[in-house]
Amino acid sequence: MPPYPGPGEAEPQAQPVAPDGWFRDESPAAQAPARPQAPAPAADWAAGAGSRDAWAEGSAAEQTAYLPPQAAAPEGVAPEGAAAEQTAFLPPYPGPAAADAAYPGPGSGEPAAAAATAGAVGADGEEPAYSPPTVGGNTLRAVDPAQARAEGRSPIIDPGPQPAILTAALGLLLAGAAAVGELVLLGPLIVLQGLTAAGWFRLNGMWPARQGIALAFLGALVADAAVLAVDDTYGPGAIIGTLGAWVLLTLVLQLRSHADPDERMYGLMASVASAALAIVCAGYLAADSAAVSVGAVAVAVAVFTRALPLPTPVSVGVSLAAATGAGIAVGGLTSVGVGGALVGLAAGVCALIGLRVAAYDYPSKFVHMTAGVALPLAAAAPAVYLIGRVVG
């Protein structure tokens, strides 16, 4: 084996090292593209066997200085720490027992949301059918809207045929009472105002709210008395004056409340809206009796038609057409005449808006039997008065 060059002798040039750690031969024969040669085993280096580069004999550290890390050890022997390096970035597997402990089942005290999700599918693999809130009421109203949105369903549920029948009956009762006289009309109107006051509070999730319901109902009675006490010309002024006074009274009562500011504001808005809707119903007393008959019948027909099992766009169109036809029919029997078509159409639009409001946010059966019955008629009262004055 040739020794290292002594003093004064030319030291051979080190061969360049490629970025991958392999020696690169700069001889002309090696200029052609070729596969990189595997490094010689460390045993061959120690025995002096190898290529013309045997001058690199020395210590073990010097011999492996230019070799890649994986070639520093003899063949068949894995470098120390290689197993740890290969598994350094693998996530640890806790095993079946630890996995079961980390993800408990529905009966092991997991959160309620996970338990509800796990229990949504029955033992036979089918999702259980949730009972409609309109059948037996709903005592968990605050949970159902969130559940509906999480499942991708709409929280809107229409009142259905039973409230529609009650609305139609109350509308026909208002129409017949208006044809008799104001004092007879006062009876079904008070029923309408009471249902409006109670249903609006329950629709907003505030129950029991006896003080707010009593306050709104009292405002409606005061508005009725004010309209009956003045001439027909001053009927709208009496309604607006009562409404302003009740808003101020509601504000004063809410300022004396010891509830939280957010809850106090929420109660104030619900009380003002309930009182306003109940007071606005007094517009049937201020309007012309013929217009009241036309509008009440139009609302009854529109709501009943809307409850029929039809697609929503078709149902809305058919309901408005039926309300217009009812207005023409009843208008021909009264002094309104052909103007009954406009009164019927306006009353039908307002009735559908009130019906939509009563269907919001998973309402209970109590809401459908109060707000679902009263809101279509209450929302149509201003339109009946205004359009009745125009066509009359």
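Look up: the structure comes first, before these words.
Residues numbered from 1 in each chain as written. Predicted model: local features only at pLDDT ≥ 70, side-chain atom pairs only at ≥ 80, totals over all residues. Heavy atoms only, no water.

1. Focus: the environment of D231
(1) Moving on: Turning to its location among the elements, D231 is positioned in the loop between α10 (210-229) and α11 (235-255).
(2) Moving on: A sequence separation of 55 residues divides D231 from A286, and the C-alpha atoms of the two residues are 9.0 Å apart. (Helix = DSSP H or I, 4+ residues; strand = E, 2+ residues; numbered from the N terminus.)

2. Focus: a nonpolar patch on the surface
(1) Moving on: On the surface, I165, F304, L308, L310, V314 and V318 cluster together into a nonpolar patch covering about 490 Å² of accessible area.
(2) Moving on: Tracing the sequence through the fold places V314 in helix α15 (residues 312-333).
(3) Moving on: For V314, a relative accessible area of 44% gives the class partly exposed. (Patch = residues over 30% accessible without salt bridge, like charges linked within 9 Å, V, L, I, M, F, W, Y side chains within 5 Å. Areas by Shrake-Rupley, 256 points an atom, 1.4 Å probe, with all protein chains shown as cover. Salt bridge = Lys/Arg side-chain N within 4 Å of Asp/Glu carboxyl O. Buried < 20%, exposed > 50% of the residue type's maximum accessible area, 1.4 Å probe, protein only.)

3. As for the packing of helix α14 (residues 289-306) against helix α16 (residues 340-358)
(1) Moving on: Between α14 and α16, the least distance of the axes is 8 Å, while the angle of their chain directions is 50°. In terms of their interaxial angle, α14 and α16 are classed as oblique. At the point where α14 passes α16, the crossing takes the right-handed sense. Seen from α14, the contacting residues are A291, V294, G295, A298, V299, A302, V303 and R306; seen from α16, they are G340, V343, G344, A347, G348, A351, L352 and L355.
(2) Moving on: Of the residues that constitute the contact of α14 with α16, the class distribution is eleven nonpolar, four polar and one charged. (Axes fitted to C-alpha atoms, helices over the stretch in contact; angles between N-to-C directions. Parallel < 35°, antiparallel > 145°, perpendicular 65-115°, else oblique. Left-handed = near helix turned anticlockwise from the far one by under 90°. Contact = heavy atoms within 4.5 Å. Nonpolar A, V, L, I, M, F, W, Y, C, P; charged D, E, K, R; others polar.)

4. Overview of the pattern of salt bridges
(1) Moving on: In total, this model carries one salt bridge according to the counting rule given.
(2) Moving on: A salt bridge links R306 to D158, with the shortest nitrogen-to-oxygen separation between them at 3.9 Å. Taken together, the residues R306 in helix α14 and D158 in the loop between α7 (144-150) and α8 (161-180) connect sequence positions 148 residues apart.
(3) Moving on: On the basis of relative accessibility, which here comes to 14%, the residue R306 falls in the buried class.
(4) Moving on: Note on D158: relative accessible area 38%, which makes it partly exposed.

5. Overview of helix α12 (residues 261-280)
(1) Moving on: Taking 1.5 Å per residue, 20 residues should reach 28 Å; α12 reaches 28 Å between its end C-alpha atoms and fits that length.
(2) Moving on: Buried residues belonging to α12 abut α9 (182-203), α10, α11 and α13 (283-286). (Expected span 1.5 Å × (residues − 1).)

6. Concerning the nonpolar core
(1) Moving on: Residues L185, L192, V227, Y284, V299, L377 and V384 are the most contacted members of the largest nonpolar core, which totals 60 residues.
(2) Moving on: If near-sequence neighbours (up to four positions away) are discounted, L192 is found in contact with L170, L174, C281, Y284, A374, L377 and A378.
(3) Moving on: Membership of the second largest hydrophobic core comes to six residues, among which are W200, L203, A358 and L375. (Core = buried A, V, L, I, M, F, W, Y, C linked by side-chain atoms within 4.5 Å.)

7. Quick look at the side chain of S274
(1) Moving on: Within the fold, S274 resides in helix α12.
(2) Moving on: You can call S274 buried: its relative accessible area is 0%.
(3) Moving on: At a separation of 3.3 Å, a polar atom in the side chain of S274 contacts the main-chain carbonyl oxygen of A197.
(4) Moving on: Sequence-distant contacts of S274, that is, excluding residues within four places in its chain, are made with T196, A197, W200, F201 and A216. (Polar contact = N/O pair within 3.5 Å; in protein donor to acceptor, adjacent residues only side chain to side chain.)

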